[in-house]
Every structure is written in structure tokens, then in C-alpha cells.
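# Geometric and topological summary
Read off the chains here:
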Amino acid sequence: MGSYDEADSGSIGVINDYEDSQPATPPMEEPKVVGAAAAQAPIISSYNDKIRPLLDVIDRLRLLMVMKEGIQLPTIVVVGDQSSGKSSVLESLAGVNLPRSQGICTRVPLIIRLQNHARQGLELYLEYNGKTVPVEEPQIATAINIATDEVAGPGKSISDIPLTLVVRKDGVPDLTMVDLPGITRVPVHGQPDNIYEQIRDIIMQYITPKESIILNVLSATVDFSTCESIRMSQQVDKNGERTLAVVTKVDRAPEGLVDKVTADDVNIGLGYVCVRNRIGDESYEEARKEEARLFETNAHLSRIDKSIVGVHVLAQKLVRIQANAIAKCLPEIVKNISAKLDANVSELEKMPKALTSIADATQAMMRIIQAAKESLKKLLWRGEFDEYPEDNTKHGTARFVEMLNRFSDELHNCEESNLSKDFLTEEIKGLEDARGIELPNFLPCEAVLRILRRKVERISYLPIKLSEKYWDYIDDVVMSVLTRHSEMYYHLKVSAKGAAHNLVQKLREQSINRVKEIVEMEKLTGYTCNPDYMMEWNKLMKQQDHFINQISGTNMRPLPCSVDLQGLGEIQIEHLRKHSDVSILQQAFDLKMRMVAYWKVFKVRLVDSMALHLRYHVHNLVHNDIDEIVKELMGPDGHGIKMMLVESPAIVAKREKLKNSIKVLKESKDSVAKIMDRIVAYDACLV
């Protein structure tokens, strides 16, 4: 047996504690003999009276729909394959006729709340959509179908919105059960093609919580291991610790039944109960007499232990399992209710109060903008990420370094930084194009500038790309920060994001224009006071004579195809032998070495310039420019501030939802307070 079937002293003590004036009632014993006298007696015992307060408080919590707050309740969930006899079992327990056609039991969950009371007569109520409707027994099916159509719509579609049937009758066990749609794989006419999936989802929703007790109804005529209801329950209760099986239609397949329920090949941890339900026009009293006779006289069924046969045994088992489950779960339920209540109260307190005046709106707006400004200073300037410790996409200074390093790598690895390709070709052409009357070995300035301009022009897209990418990133961070700080004020959030985007786009345009100016300045003239330029040029020029000799081939046979130059690597030289004028080769080599030395300085200078430029503009944004958002929000007529007085529907709905949730949780907490006082008092007595 699983934990729910163990009537431990704590659970029994809790139950008895409600009868302060009476001695403790011992645990209920399973009946040893089922006879006609027992069959005529009510299927409850005085034990039920002891657990009524526990069940009442759980029913109250269910009526308050506390499960929608994420609070799970101990619930007996009735599942079974189609035509397994599920409705007949519930009828036997309730003592009333339930609809068996393609109606409620195949369309919506039905919460059946059985309440024993001594008054004569039967009281029936349907509870749904916040209303309570009295029902006469002959009209149960009609009333349930009308309620189903209201809840789930007409037709044969199913819904997970439950109905509640309250049965108050002398002699019924105090039980609350949820009857779920019967499992079917083949849709009938009018049902959706995915009816099996819909039913499966509803069943799994109810049986998955560990607090649920699964009452699995099985027909004796089938192999238990092939039942879909068994397969589903095993998915969530592998060892069967909270599953009880009811075997119906025992009169149709009595042979071998004793072996099936004793072998337990499908892990039913809470055991089996075999029953014979009402057939035809039998009264419930007649059905119980026939049930007792069948298990006493049938050659096969009489071999089954009497402690696991009969509707009255099923009722007693369910009452005991339910009582123990409730007593076991109540402390955790109270804890969860309190935690959820505290969390909702805290969240409601954090929500902004509705703004009622221009002054309040102005103050709120300034507070939000200043908070956003401080967050942006941390993220984009100071490198403090405490507000977004896990979201490294918001770590602005670190991301800027990544972008800058990537820009530097692209600049150093671009085509213009390839020093060996078509060696001296561009320089020779430049010198020839700039040839004029000049001093020997004089490098024309125009040749230098032409080469420099072409090289700078070819890499000009890189700094512009960096600037565009960086400002796109800044825009994303600013939008995210403003959204977080203005989340509670929908209209302010929309207006502030629009104003911030306009501001960032303006700064982005200014920045890109400035970068283009930097590029144009570099194209205008070559200049540096960096001593590394001359040092690098002198070092490279020391290789000139060796290089020229390798080309002219003096005293060299065969002629080399390449030459290794320090700082440049392996250089192909065959294409240069067509130039017989050594002086042009010497000038081209000189020009090349000057450009190599200067390009090295240029790349470092450009990276430095971009870093300083972008940091400067971001500094201005987070310290000064961000205040322009306020000016745009205020507007000439204060329209932006007035809009803040209108709360968004989402905020209004959230506030109302929290208030309603807090109300439900407070009522739930009050409902269990008395119960918990008694449980605590009992536990103290055990110490």
C-alpha cells in the first residue's frame, strides 16, 4: 500500500480532534464479511463525521478556485477508458442517477461533492459560473447538459472548465471527487479529430499534481495492462503510490479475476476494490444485496478476499485515503497560501499608485528619467552591471571593447594591410603617373597622396560600420533601460522610448558625420609626429640594396622568384624584372616603405580616434543629452504629462488581478486557520 492508505496515528489524531467531547475513534477496520445486513446499511460509518471539517475546508478552497493561484489541493480524480463503468461507480457512491449518454461525463470535468446529513430527503445543487442552481433528481441529466452547454458551448466539444454537483443525502460517504471525460481514441460525429489529445491533456492536468489521488476504473473484461487510463496514471505515478483501482463488471468476467487483482502487474499501490454496480431498474438497495450475494456465492468471485469487494468497502477506502491525504497536505497548503499571499501583496505594493494630478505625473516622470539616467551611466560609462548581473548583453563597456577590438582586427587584416600582394605595382604606377621635371630620386608628393587616398578610401567603410553598429547597440540598451523603469506607466513608456530613439538617432547621425570627417582628414594629407614612423622607415630601407640585387640578379644564377624582407615576409619579385630602370624600382621601394611605416601609425591612430570619439559622445549622452527626453515629453502644451494620468488597460487589469488574488488567498487562509490550530495542538500533544 502507498502512503495514502496508511492510517498513521498523526492523521487519525487530527481527524478525532474535531470531536473534543468524545473519546478518540479507532481507525476503521475493513469488513470481514459481506452479508445482506451489511448490504442494507448505509455505506458510511461514523468515521465520516470526523473528517467532515477537513473536507469542508478543502471544498471551500476549491470553491474559491485557489488552484488557479497555483495552490494544489488533495483531490480524488476518477479516470477510466470509455465504457469502463465509471459513471456506474459514481452512481453507486452517490446514490443518485447520473447521465450516462454522450453528455457531461465526456465533455467537462464534473466535481461531485457528496455530503452526508441526517435530514430526510435529497438535496442536489449544480454550481457553475458563480451561481448555485437547485436540481430535482429526475432532472439531473437535463440540468447538467444545460450547464455544460453554457460552460463549454453547444455541440460535442470538450472543455477543462468544471461543473460541481453537490449531493446532500443521508447515508452517502463524505467525499469529493472529480469525474473526468472517458478516454476515447475515435471521435464520434461532431467531435473534433483531436478529441483524444484534448481528453488526455485534461486528465494529465488533474492527475499530475502529487496531491492528486487517482481512482482508476477498470473493466474486468479487459487486460488491465492495455487500458489507456493505466498508461496515463503510470506516467505520473510510476509506483502507484497514489493510485486505487476499482474493478467493475465482475459478473461478466469472473474467471481469473482473483489472480488479476492479486498479481498486480500494473502497480496499483493503494490496492484494488471489486464491485458490482446497479443493473437496469434495480434500486441501490437491491443492487447492494445482489452484489453481496454475487461475491458470496459465485465460484470464482467468492475466492476474492472480502476486504477488497463491495461498494461500501470502496467508500470506506476512499474516505480514509482522502482524510489522510488532506491531513498530510494541509500544512504545505497553508505554507503555499501564505507565501503566495505575501508575494502578491509585495507585488501590489510595488505597483505605482494611479496618478491623479499634473504635479504627481511630473514628479513620477522626473523620477523615472533620473533612474534611467543613473542606470545608463552604470552600464555605458562606469562599467557597473549590478542591475543586470546575468544579462551580459547590457554590459555596455565590455561590449564596446569587443566591438573596438573587432574593428581593429578587421582593419589590420583587410586587403589594404596585405603588404606583399602585387609588391610595388601600385607604387610604380603612381610614380609614372606623377612623373615630371624634378630632381633625381625625388618622391613626388602627388604620388604619395594618391596612394594614401586610395588606401584610406578602401577602408573608410570600417569606421563607419563600427559607428553604426555601436549606436544601434546604444539604442537597444537605452530602450531596454527605459522600458524597465517606465513599465508601470504605459503611455510614458511609449512616449519616452520614442523620444529616446529620436535622441539616439540624432546623436548617431552626428557621430557618423564626425567619423566621415576623420576619414576625410586622413585622406587630405599624410602627417604624423610619431617617432615610430621614421624608425620603422629607416629599418625597412636598410633592405633596399639587397632587394634590388635580388631583382637585377647580379652574379646570381638561377634568378630567385622571391625575396624575404623583414617586416613584410616572402615577396614575389618576378613581375618586377620587366622594369629595367633601377631608379624607378628604388623610388618605388622607398615609397612603399614610407607607406608601410605610415600605414602602421595610421591604423593605431584610427582605432584610438574611434575609441575616444565614441566614448566622448556616450559620455555626453548619459550625462547631459538624456535630459532632452524630458523636454520632448513635456512638449509645449504639457500633453505628454497629461497622458501619464491615463493608466494602460494592462496595468489596471494587473492591479485588479492582484487584488482579487489577495482576496481569495486571504479568505483561503482564514478558512484553514481553525483547522491548522487544531492540527498544531494535536501535534504538540504527541511531543
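Remember, it's a predicted structure, so these values are computed and weren't measured experimentally. (Residues numbered from 1 in each chain as written. Predicted model: local features only at pLDDT ≥ 70, side-chain atom pairs only at ≥ 80, totals over all residues. Heavy atoms only, no water.)

### Remarks on the overall build of the protein chain
- Across its full length, the protein chain holds 22 helices and 11 strands.
- Burial status across the protein chain gives 52% buried among its 687 residues.
- If you take every contact in the protein chain between residues at least 6 apart in sequence, the share linking residues at least 24 apart comes to 79%.
- With the model as given, the accessible surface of the protein chain reaches about 32,600 Å², and the carbon-plus-sulfur share is 52%. (Helix = DSSP H or I, 4+ residues; strand = E, 2+ residues; numbered from the N terminus. Buried < 20%, exposed > 50% of the residue type's maximum accessible area, 1.4 Å probe, protein only. Contact = heavy atoms within 4.5 Å. Areas by Shrake-Rupley, 256 points an atom, 1.4 Å probe, with all protein chains shown as cover.)

### Considering the environment of proline 173
- Positionally, proline 173 belongs in the loop between β5 (163-169) and β6 (175-179).
- Given a relative accessible area of 0%, proline 173 falls into the buried group.
- Sequence-wise, proline 173 and asparagine 116 are 57 residues apart; in three dimensions their C-alpha atoms are separated by 6.1 Å.

### Section: the nonpolar core
- Among the nonpolar cores identified, the biggest contains 90 residues, and Phe423 and Phe547 are the most heavily contacted of them.
- Tallying contributions element by element places helix α19 (residues 582-623) first for this core, with 21 residues.
- Those residues within four positions of phenylalanine 423 in sequence are excluded, and the remaining contacts are Phe547, Leu565, Leu568, Ile571, Gln572, His575, Leu576, Phe589, Lys592 and Met593.
- Counting residues in each nonpolar core, the second largest holds 43 residues, with Ala94, Val246, Leu270 and Val311 among its members. (Core = buried A, V, L, I, M, F, W, Y, C linked by side-chain atoms within 4.5 Å.)

### Observations concerning the packing of helix α12 (residues 396-413) against α19
- Where α12 contacts α19, the axes come no closer than 10 Å and their chain directions differ by 155°. Relative to α19, the element α12 lies roughly antiparallel. Both α12 and α19 take part in a crossing whose hand is right-handed. Within the contact between the two elements, α12 uses Thr397, Phe400, Leu404, Phe407, Ser408, Leu411 and His412 and α19 uses Lys603, Leu606, Val607, Met610, Ala611, Leu614 and Arg615.
- Across the contact of α12 with α19, the residue classes tally to nine nonpolar, three polar and two charged. (Axes fitted to C-alpha atoms, helices over the stretch in contact; angles between N-to-C directions. Parallel < 35°, antiparallel > 145°, perpendicular 65-115°, else oblique. Left-handed = near helix turned anticlockwise from the far one by under 90°. Nonpolar A, V, L, I, M, F, W, Y, C, P; charged D, E, K, R; others polar.)

### Digging into the confidence of the model for the protein chain
- Looking at the protein chain, the pLDDT average stands at 82 and 85% of residues meet or exceed 70.
- Predicted confidence for residues 5-42 stays below pLDDT 50, and this span has 73 contacts to residues more than four positions away or in other chains.
- Of the regions scoring below 50 in pLDDT, residues 681-687 engages in five contacts with residues more than four places distant in sequence or in other chains. (pLDDT = per-residue confidence, 0-100.)

### With respect to the packing of helix α17 (residues 531-541) against α19
- One way to put it is that α17 packs onto α19 with a least axis distance of 9 Å and a crossing angle of 145°. Crossing geometry of α17 relative to α19 is assigned as right-handed. Of α19, the residues touching α17 (which contributes Tyr533, Glu536, Trp537, Leu540 and Met541) are Phe589, Asp590, Met593, Arg594, Val596, Ala597, Tyr598, Lys600 and Val601.
- Within the contact of α17 with α19, the residues separate by chemical class into 10 nonpolar, no polar and four charged.

### A closer look at the pattern of salt bridges
- Taken as a whole and assessed by the stated rule, the structure comprises 33 salt bridges.
- Across the pair lysine 600 and glutamate 536 runs a salt bridge whose closest N-O atoms are separated by 3.8 Å. Here lysine 600, found in helix α19, pairs with glutamate 536, found in helix α17; they are 64 residues apart in sequence, far enough to count as distant. (Salt bridge = Lys/Arg side-chain N within 4 Å of Asp/Glu carboxyl O.)

### Overview of the sheet that holds strand β1 (residues 75-80)
- Spatial strand order, β4-β3-β5-β2-β6-β1-β7-β8-β9: nine strands in an open sheet with mixed pairing. Whereas interior strands pair on both sides, the edge strands pair on one side only; in this sheet they are β4 (131-135) and β9 (272-274). Across the sheet, the axes of successive neighbouring strands diverge by a mean angle of 25°, strand direction being ignored.
- Bridge count for strand β3 (residues 122-128) against β4 is five bridges, and the pairing is antiparallel. (Pairing = 2+ DSSP bridges.)

### Looking at helix α7 (residues 228-236)
- Within α7, burial applies to Glu228, Ser229, Ile230, Met232 and Ser233.
- Close packing links the buried residues of α7 with β1, α6 (195-207), β7 (212-219) and β8 (243-248).

### Section: unusual backbone geometry
- With a phi close to 70°, serine 83 is a non-glycine residue in the positive phi region.
- The residue serine 83 is located in the loop between β1 and α4 (86-94) in this model.
- A relative accessible area of 56% places serine 83 in the exposed class.

### Things to note about the pairing of β3
- Sheet analysis places β3 next to β5, joined by six bridges and oriented antiparallel. Each bridged residue has a counterpart across the sheet, and for leucine 126 the counterpart in β5 is leucine 165.
- The turn linking β3 back onto β4 is made up of two residues, and asparagine 129 within it adopts a positive phi angle of 50°.

### What to know about the packing of aromatic side chains
- If you walk through the whole model with that rule in mind, you get six aromatic pairs.
- Connected via pairs of aromatic rings, a cluster forms that spans Phe400, Tyr470 and Trp471.
- The aromatic ring of tyrosine 284 is capped on one face by arginine 278, whose charged end is 4.6 Å from the ring centroid.
- A cation over an aromatic ring shows up here: lysine 455 above the ring of tryptophan 599, its NZ or CZ 4.5 Å from the ring centre. (Phe/Tyr/Trp six-rings, centres within 6.5 Å; stacked < 30°, edge-to-face > 60°. Lys NZ or Arg CZ within 6 Å of the ring centre and 35° of its normal.)

### Comments concerning the environment of tyrosine 388
- Tracing the chain through its elements places tyrosine 388 in the loop between α11 (358-382) and α12.
- Counting along the chain gives 13 residues from tyrosine 388 to serine 375, while the straight-line C-alpha distance between them is 9.8 Å.
- Residues in contact with tyrosine 388, not counting those within four places in the same chain, are Leu379, Lys394, His395, Ser480, Val481 and Arg484.

### Description of the side chain of lysine 455
- Position of lysine 455 among the secondary structure elements: in helix α14 (residues 445-459).
- The class for lysine 455 is buried, based on a relative accessible area of 10%.
- Those residues in contact with lysine 455, other than ones at most four positions away along the chain, are Glu416, Met595 and Trp599.

### Side note on the pairing of β8
- Of all six residues that make up β8, six are buried, and the element is covered over most of its length.
- Burial along β8 is two-sided: Thr243, Ala245 and Val247 and Leu244, Val246 and Thr248, pointing in opposite directions, are all buried.
- As paired strands, β7 and β8 are joined by six bridges and run parallel to one another. For leucine 218, the partnering residue across the bridge sits in β8 and is valine 247.
- At this point the chain moves from β7, through α7, to the parallel β8, and the crossover so formed is right-handed. (Right-handed = clockwise from strand over helix to strand, strands pointing away.)

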